[in-house]
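Structural characterization, general
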Amino acid sequence: MFTLFSNNNGGVRLLLSIFALIGAAVLVVIDQVIKFLATTYIKPIGTLEIIPGFLDFTYHGNDGAAFGILSSQTWIFVIITALVCIALIVGLFVYKKHTTLSRMACALIIAGGIGNLIDRVFNNGYVIDYIHVKFFPPIFNFADCCVSIVYLCNFLYRFTSQRIICEEKAKERKSKA
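In this text the structure is predicted, and so the values were computed from the model without any measurement. (Residues numbered from 1 in each chain as written. Predicted model: local features only at pLDDT ≥ 70, side-chain atom pairs only at ≥ 80, totals over all residues. Heavy atoms only, no water.)

What about the pairing of strand β1 (residues 47-51)?
Across four bridges, β1 lies against strand β2 (residues 55-62) in antiparallel orientation. Bridging across to β2, Thr47 finds its partner in Thr58. Linkage of β1 to β2, two consecutive antiparallel strands, is achieved through a turn of three residues, within which Gly53 is found at a positive phi near 75°. (Pairing = 2+ DSSP bridges. Helix = DSSP H or I, 4+ residues; strand = E, 2+ residues; numbered from the N terminus.)

Digging into the sheet that holds β2
Here we have three strands laid out as an open sheet, ordered β1-β2-β3, and antiparallel in their pairing. In this open sheet, the two strands that pair with only one neighbour each are β1 and β3 (127-133). For this sheet, the mean inter-axis angle between neighbouring strands, taken without regard to orientation, is 30°. For β2 and β3, the ladder comprises six bridges, and the chain directions are antiparallel. Bridge pairing in β3 places Leu55 opposite Val133. Helix-sheet contacts for helix α1 (residues 10-42) involve β1, β2 and β3, and the interaxial angle to β3 is about 80°. (Axes fitted to C-alpha atoms, helices over the stretch in contact; angles between N-to-C directions. Contact = heavy atoms within 4.5 Å.)

Considerations on the environment of Gln32
Examined against the element boundaries, Gln32 turns out to sit in helix α1. Here Gln32 falls in the partly exposed class, since its relative accessible area comes to 22%. As a C-alpha pair, Gln32 and Asn123 span 91 residues in sequence and 12 Å in three-dimensional space. Apart from residues lying up to four places away in sequence, Gln32 is in contact with Gly115, Ile118 and Asp119. (Buried < 20%, exposed > 50% of the residue type's maximum accessible area, 1.4 Å probe, protein only.)

Laid out in structure tokens, this is it:
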């Protein structure tokens, strides 16, 4: 018989995976609300300067991928994004060695993917972008930030863990000498 909290922590894993999906859903709602606000208030005026010389909110319809590459390839993006999101959702429940961080990473990628997928399907293939940091030419959105945070954290984790491993090996060598 199925119990939510079993001796092998299967129930806990299930519950944590459900929480990750709820977190992803909340992020998708936030993304869509912000895009609605951008369409309603920023699109009519074009650009809203937030921090002069640093940050603008500029409405932009992007039919490509990051930085506008592969423009007008909507169905490729829809199919790939849908497959990746489905694989991550299944992986949340099937993979047994998730950590809190890996669940959070899955939630962020799922949220970013679904947020932009909704745009592509319901906005004639366009993703609504609106964040423009002056020193970074491309305009992006909250969903893009969700996915980028995962890659930034992964890079920082790998960089710092590699440094820690090197320091531990150096200490080992000193203690042996």
